[in-house]
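Each chain, letter by letter, is given below.
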Amino acid sequence: MPSPFDSLPVDCISTIISFTSPRDACVAASISKTFESAVKSDTVWEKFLPSEYSSLIPQYSRVFTSKKELYFALCDDPVLIEEGKKSFWLEKASGKRCIMLSLKESSITWGTSPQYWRWISIPESRFEKIAELLNVCWFDIGDGMHTRYLSPRTHYSVYIVFKTKNGCPNLGDSPVDVGVGLVGQEPSQKLIYFIGPPGRGRGRRRRRETETRDVTRPEAREDGWMEAELGEFYNDSCCDDISFSIIKTNTPHWKSGLIVQGIEFRPAKIR
């Protein structure tokens, strides 16, 4: 059945669709040929692009034939901003802003001492240099950023994105204290694993499950990295600073074997 909206001018339909979301626009394209034509309009996709999109185009080595093509490039191929210290992209379904913060933007205890931490280049990283933990007793990473880089009126989750080496000795299987919160407010606190304790035997496994039920375990990502959620916050008006902390200082053992790509901010999943 033809849609009653088909009698409207295509430009009018495009304007209406531009007030929805990228996901809704893609659904609308399946309604009729008229809607499909309206959804292809730059009027629709320019509304879903960040206001500063024109400054991001030079980072791509190709010419975009439409705003829709540019939108999906920003979803699938993150760009570096702020002198390469932040990676920026859009969540495909909503168009919400996502950021990965390089640890070059963070405070790392002993991070400038090459016997404890080193900065390495690997092809699978978004950043030119990322941090590798060599050997420390006092493991402490923290800092934050301004919420103007994120979308307003949005719940965000914060993740540490990493890889481990050689079992991440004295750190991988031990709970690590993490926290996230807006500056001036009480941060949320939780425990995470970078690997998690091994289970050996049914009785041992049952005890482990009891001991670790409140500790967040890492998950594998599609890009080959691991991630662990540090916490969530609500970004209301983009006028605040957000801080995070990742600390393991309650044991005297030397810790090593962690490679950190960055701290990722993306819209929280609907639970």
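Per an unreviewed UniProt entry, the recorded name for the chain is F-box domain-containing protein, and the organism is Brassica carinata.

**Q** Residues and numbers for the overall build of the chain, please.
**A** When helices and strands are counted, the chain shows seven helices and 15 strands. The buried share of the chain, taken over its 271 residues, is 44%. Considering only intrachain contacts with a sequence separation of at least 6, the fraction spanning at least 24 residues in the chain is 66%. Working note: accessible area of the chain is about 14,400 Å², and carbon and sulfur atoms make up 51% of it. Within the chain, one finds 36 positive and 35 negative side-chain charges whose respective centroids are separated by 7 Å.

**Q** So, the state of the cysteines: which residues are in play, and what are the values?
**A** Per the stated rule, a full pass over the model turns up zero disulfides. We note that Cys238 lacks a disulfide partner, and the nearest cysteine sulfur, in Cys239, lies 6.9 Å from it.

**Q** Please give an account of the nonpolar core that cites residues and values.
**A** Phe139, Ile160, Phe194, Leu230, Ile246, Ile263 and Phe265 are the most contacted members of the largest nonpolar core, which totals 59 residues. If one sorts the elements of this core by residue count, helix 6 (residues 67–76) sits on top with five residues. Counting nine residues, the second largest nonpolar core, distinct from the first, contains Cys98, Met100, Ile120 and Trp225.

**Q** Give me the pattern of salt bridges: which residues, what numbers.
**A** In this structure the tally under the stated criterion is 14 salt bridges. One salt bridge connects Lys92 with Asp76, and the closest N-O pair in it is separated by 2.9 Å. Separated by 16 residues along the polypeptide, Lys92 in the loop between strand 2 (86–90) and strand 3 (97–101) and Asp76 in helix 6 bring together distant segments of the chain. We note a salt bridge from Arg266 to Glu264, for which the minimum N-O separation is 2.5 Å. Taken individually, Arg266 and Glu264 each receive the classification buried, so the pair is uniform in this respect.

**Q** Provide a residue-level description of the packing of aromatic side chains, including the pertinent values.
**A** Both the distance between ring centres and the angle between the ring planes are used here to describe each pair of aromatic rings. In the structure shown here, the tally under the stated rule is 13 aromatic pairs. Taken together, a centroid distance of 5.4 Å and an interplanar angle of 50° make the contact between Trp45 and Phe72 tilted. With a gap of 27 residues between them, Trp45 in helix 4 (residues 42–48) and Phe72 in helix 6 connect regions that are remote in the sequence. By relative accessible area, Phe72 is classed as partly exposed at 22%. Ring centres of Tyr156 and Phe233 lie 5.9 Å apart, and the angle between their planes is 15°; this geometry places the pair in the stacked category. Of the two residues, Tyr156 sits in strand 8 (residues 154–164) while Phe233 sits in strand 13 (residues 226–235), which places them 77 residues apart along the sequence. Each member of the pair, Tyr156 together with Phe233, is buried.

**Q** I'd love a proper account of helix 6, names of residues and values included.
**A** Quick reminder: α-helices carry 3.6 residues per turn. Residues three or four places apart thus point the same way. Every buried residue of helix 6 is accounted for by Lys67, Leu70, Tyr71, Ala73, Leu74 and Cys75. In this structure, the buried residues of helix 6 make contact with helix 2 (22–28), helix 4, helix 5 (53–56), strand 1 (79–81) and strand 2.

**Q** Explain the layout of surface pockets to me, using residue names and the numbers behind them.
**A** Estimated volume of the largest pocket: approximately 770 Å³. As for the largest pocket, its lining consists of 24 residues, and the residues nearest its centre are Trp89, Glu91, Glu264, Arg266 and Lys269. Among the elements of the structure, helix 6, strand 2, strand 12 (219–220) and strand 15 (258–267) are those that each provide at least two residues to the lining of the largest pocket. Here the lining of the largest pocket takes three residues from strand 15, the largest share from any one element. Counted by class, the lining of the largest pocket contains 10 nonpolar, one polar and 13 charged residues. Volume-wise, the second largest pocket comes out at about 290 Å³. Along the walls of the second largest pocket sit 14 residues, with Ser94, Gly95, Lys96, Ser151 and Pro152 positioned nearest its centre. Within the lining of the second largest pocket, the residues separate by chemical class into six nonpolar, four polar and four charged.

About the thresholds
Along each chain, residue indices are assigned from 1 in the same order as the chain's sequence is written. The predicted origin of the model limits local features to residues at a pLDDT of at least 70 and limits the giving and counting of side-chain atom pairs to 80 or more, whereas totals for whole chains, interfaces and linings rest on all residues. For side-chain calculations, the full set of non-hydrogen atoms in the structure is used, while hydrogens and water are omitted. By definition, any uninterrupted DSSP run of H or I lasting at least four residues is a helix, any uninterrupted run of E lasting at least two residues is a strand, and each is numbered from the N terminus. Note on classification: 1.4 Å probe, protein chains only; a residue is buried when its accessible area is under 20% of the maximum for its type, exposed when over 50%, partly exposed between these limits. In what follows, a contact means two residues having at least one pair of non-hydrogen atoms within 4.5 Å. In short, Shrake-Rupley with a 1.4 Å probe defines the accessible areas, and a residue's cover is counted only from the protein chains shown. Positive charge is attributed to Lys and Arg, negative charge to Asp and Glu, and no charge count is given to His or to the chain ends. Charged groups are reduced to one reference atom each: NZ for lysine, CZ for arginine, CG for aspartic acid, CD for glutamic acid. Here, two cysteine sulfur atoms that lie within 2.5 Å of each other are counted as a disulfide. Throughout this description, the term nonpolar core refers to a set of buried Ala, Val, Leu, Ile, Met, Phe, Trp, Tyr and Cys residues connected via side-chain atoms within 4.5 Å. Each reported salt bridge corresponds to a side-chain nitrogen of Lys or Arg within 4 Å of a carboxyl oxygen of Asp or Glu. The aromatic pairing rule takes the rings of Phe, Tyr and Trp, using the six-membered ring of Trp, and pairs them if the centres are within 6.5 Å, calling planes under 30 degrees apart stacked, those over 60 edge-to-face and the rest tilted. Only protein atoms enter the calculation, which uses a 1 Å grid: trapped sets of points that fit a 1.4 Å probe without letting it out are cavities, open sets showing protein on both sides within 12 Å along at least five of seven lines are pockets, and any residue with an atom within 4 Å of a point is a lining residue. Grid points are joined across faces, edges and corners, and a volume is the space filled by probe spheres set on the points. For this classification, the nonpolar set comprises Ala, Val, Leu, Ile, Met, Phe, Trp, Tyr, Cys and Pro, the charged set comprises Asp, Glu, Lys and Arg, and every other residue, Gly included, is treated as polar.

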